[in-house]
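Each chain, letter by letter, is given below.
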Amino acid sequence: MKPEIILKTVKCPQCNNIIEIKGSPGKKSILTCSKCGVKGSFTFPKSDDKQSKKTHMSDYNVIEVKNLTKKYKDVVAVNNISFNVKKGEIFGFLGPNGAGKTTTIRTLLGFLKPNNGEAYIFGKNIKENIVEIRKNVGYIPGELALYEHLTGRQFLQFFSNIRNTDLSLLNDLFEIFELPLDRKIKGYSKGMKQKIGIVQAFMDDPEMVIMDEPTSGLDPLLQQKFYEFLKKEKQKGRTMFFSSHILSEVDRICDRVAIIRNGKIVALENIETLKKKTGKKIRLRIKEDTTDIISLPQASLIDGWIEISVQNNIDEWIKRMGKYTILDLEIQEFNLEDYFMRYYASEGGA
Amino acid sequence: MNLNFKQILRFQIAIQTMKDYWKSTIILTLLFCGMAVMYAGMFPSFKDMMVEMGQSSAFDSFAFIPGYEDMATYVGFLNIEMYQIFWTLILGIVIGFIAASIIAKEIESKTIDVLMSNPVSRTQIIIEKFIGLIPMLLIINFTTMFVIMGVTIGIGEELNFFNLFLTHLISVPYFLSIISIGILISTLIYEKMRASIVTMAIVVSMFIFDSIAELSSDFEFLGNLSLKHYFKPYKALKFGEIDGFGTSVLILVCCIMLFVSIWYFNHKDITV
């Protein structure tokens, strides 16, 4: 087993100069302040020391993925991907169905063995320390399957027994996600199952939660509650990895986003950059000849509808259309396909 | 292999496995106790017929079963009717059937994802699932033993209870080795029903191999391949003898099967 390396920042007691140091848990190191020359010593906390996790620096990478490749026989599901997830951020993992999102997540959690590359979570290699890593990771599976013969209470009890930690978040969670705990999970609706999946992932206050399309199965009202909950959790400093195929959802809650397509990461952007690139789609049918409009680069004709991609200039476009007789009109958010069509059309079909 | 004893010693998965099977345990215990009452209880009414059959060498048709010559006595009757067929074969099939589903059902129903997202290693899952099945085996096994003791007293037959205890005791490694084969199949085949049927087929084949070997010395090598060959209830029940070598082989098979299961499960992708 490789020794774990902890990255810490310490403050010089004399001049408040901040120094970055690296070392393994339990190791004592002698430091000299580069600014004022004061000497001191620092003992790295043991890895099971909960406190140490909270004091990691903010640009500490909770997940580091380096050239990860996963093949199923001859099919390359994940192709040489690399990305980092920083502590305390909501990291969006966006891609159409079948792009490799779930494969990436399942590889990170140690369910699948990577063919190539490596990944670290909390600085620990997933190959060697996956059980240790999972102590501080919550997970909401994409295809959530539960022990249906158990009641909600028994189900949560089982996992709390396995994890053997305090369920410090449980009551807060029950306030948001009400559940019929004494009913067998067999009798739960899809939404209820998703809720218990969420509760199970967050209940012992893990340092990071990995979510694979967690909002599928939630009604709009609950989705809203869930987004608010995630924002609150982010404020507490929890790192969250959020996979989705819905652009507007990622755009709304994530800080950074990696876009995966056909097993490759095609973009890694700040949400602000992504927002600039997304927009609205005006779809309309007009009585007059469409030739003039569709000759514009933003417009195209699909099944008799003119489609115009607009960013911030929606007013300008609506006014421009004023001279036509409009038979029908729709305004939609960009979806992932529109985004791909616009930015990655050259790399093959969406 | 990611073996964390601290985690395993908390036995949470094992306890859950026991809880999941408590209903099956009760039903199977009742079933096997009922059968024990039937077989032991019907001996007095068959006794005279058995003696007659013994004189006319009709027992020869049971020559594939060890101890068949002794069928006219209570011990011999119990051996043939209860232990050699019903116990060794039928309970073997049932236990194998259950063990073979134990990993496969988690994967088939996709619950393995939520289980494995917790701090448990694959090694731990196999070991704890194995441990979790042991109470079921012990409860069925020893409850049946007590029922046979009761019936024996009830019908006033002679039976050495210590030998009876030995018979049930040496059946434990026999069934544990079947459980371990079931678990290995369960890690190889990710469909619950297929894994169970394959394991059943293995248990039945081993029974047939051993029977053929008993019948003809030309096929003795086949018997060596059968777990039943290493479990000798007749010797224990009649003479109070434990086949130390046989029992060691069963324990060894159990360990090897578990080890291979753990090794294979640790190297396999969990695709759901």
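Here, the structure is the one placed above.
What counts as what
- Residues numbered from 1 in each chain as written.
- Chains lettered and ligands numbered in written order.
- Predicted model: local features only at pLDDT ≥ 70, side-chain atom pairs only at ≥ 80, totals over all residues.
- Heavy atoms only, no water.
- Phe/Tyr/Trp six-rings, centres within 6.5 Å; stacked < 30°, edge-to-face > 60°.
- Helix = DSSP H or I, 4+ residues; strand = E, 2+ residues; numbered from the N terminus.
- Lys NZ or Arg CZ within 6 Å of the ring centre and 35° of its normal.
- Contact = heavy atoms within 4.5 Å.
- Buried area = accessible area lost by both parts, 1.4 Å probe.
- Salt bridge = Lys/Arg side-chain N within 4 Å of Asp/Glu carboxyl O.
- Polar contact = N/O pair within 3.5 Å; in protein donor to acceptor, adjacent residues only side chain to side chain.
- Nonpolar A, V, L, I, M, F, W, Y, C, P; charged D, E, K, R; others polar.
- Pairing = 2+ DSSP bridges.
- Core = buried A, V, L, I, M, F, W, Y, C linked by side-chain atoms within 4.5 Å.
- Buried < 20%, exposed > 50% of the residue type's maximum accessible area, 1.4 Å probe, protein only.

Caption draft 1: Highlighting the packing of aromatic side chains. Residue and element names in this part refer to chain B. If you walk through the whole model with that rule in mind, you get 29 aromatic pairs over all chains. Ring geometry for Phe-162 versus Phe-165: centroids 6.4 Å apart, planes at 40°, classification tilted. Taken together, the residues Phe-162 and Phe-165, both in helix H8 (residues 161-188) and three residues apart, mark about one turn of the helix. Following the ring pairs from residue to residue traces out a cluster consisting of Phe-32, Tyr-39, Tyr-83, Phe-86, Trp-87, Tyr-174, Phe-175 and Phe-231. Looking at Arg-122, its charged tip hangs above the ring of Phe-265, at a distance of 6.0 Å from the centre. For Lys-268, the ring lying beneath its charged end belongs to Tyr-190, and the centroid distance is 5.1 Å.

Caption draft 2: Examining the interface of chain B and chain A more closely. Listed as interface residues are 28 residues of chain B and, on the opposing side, 29 residues of chain A. Summing the contributions of chain B and of chain A, the shared interface buries around 2700 Å²; its carbon and sulfur component is 52%. Linking chain B with chain A are three salt bridges, by the criterion used here. When the shortest N-O distance is used, the salt bridge between Lys-110 of chain B and Glu-143 of chain A registers 2.6 Å. Our count for the chain B to chain A interface comes out at 19 residue pairs in polar contact (both at pLDDT 80 or more). Class assignment for the residues of the side of chain B that touches chain A results in eight nonpolar, twelve polar and eight charged.

Caption draft 3: Highlighting the pairing of strand S6 (residues 75-86) of chain A. Residue and element names in this part refer to chain A. Here strand S5 (residues 61-72) pairs with S6 via eight bridges, running antiparallel. Bridge pairing in S6 links Lys-70 to Val-78. Two successive antiparallel strands, S5 and S6, enclose a turn made up of two residues, where Lys-73 displays a positive phi of approximately 50°.

Caption draft 4: Geometry of the nonpolar core. In this structure, Ile-63, Phe-155, Phe-202 and Leu-230 of chain A are the most contacted members of the largest nonpolar core, which totals 164 residues. The element contributing the most residues to this core is helix H5 (residues 74-108) of chain B, with 20 residues. Ignoring any residue separated from it by four or fewer positions in sequence, one finds Phe-155 of chain A in contact with Leu-146, Tyr-147, Leu-150, Ile-185, Ile-196 and Gln-200 of chain A together with Val-114 of chain B. In this structure, Ile-282, Ala-299, Ile-308 and Tyr-324 of chain A belong to the second largest nonpolar core, which totals eleven residues.

Caption draft 5: Here's a closer look at the pairing of strand S13 (residues 256-261) of chain A. All names here are of chain A. In terms of burial, S13 is largely enclosed, as six of its six residues are buried. Of the two faces of S13, the one holding Arg-256, Ala-258 and Ile-260 and the one holding Val-257, Ile-259 and Arg-261 are both buried throughout. When strand S7 (residues 90-94) meets S13, the two strands line up parallel, connected through four bridges. Across the sheet, Leu-94 pairs through a bridge with Ile-259, a residue of S13. Two elements, S13 and strand S14 (residues 264-270), share six bridges in a ladder whose sense is antiparallel. Bridging from a neighbouring strand, Ile-260 pairs with Ile-265 of S14. Taking the residues that link successive antiparallel strands as the turn, the S13-S14 hairpin has two residues, and the phi of Asn-262 there is positive, at about 50°.

Caption draft 6: Broad picture of the pattern of salt bridges. All names here are of chain A. Counted according to the given criterion, the structure contains 23 salt bridges over all chains. Its salt-bridge partner being Lys-234, residue Asp-255 comes within 3.2 Å of it at the nearest N-O pair. Of the two residues, Asp-255 sits in the loop between helix H8 (247-253) and S13 while Lys-234 sits in helix H7 (residues 220-235), which places them 21 residues apart along the sequence. Between Arg-283 and Glu-330 there is a salt bridge; the shortest N-O distance is 2.7 Å. You can see Arg-283 sitting in strand S15 (residues 280-286) and its partner Glu-330 sitting in strand S18 (residues 326-333), a full 47 residues away along the chain. Several salt bridges converge on common partners, so that one network encompasses Asp-205, Glu-233, Lys-236 and Arg-238.

Honestly, it's all geometry; don't read function into it.
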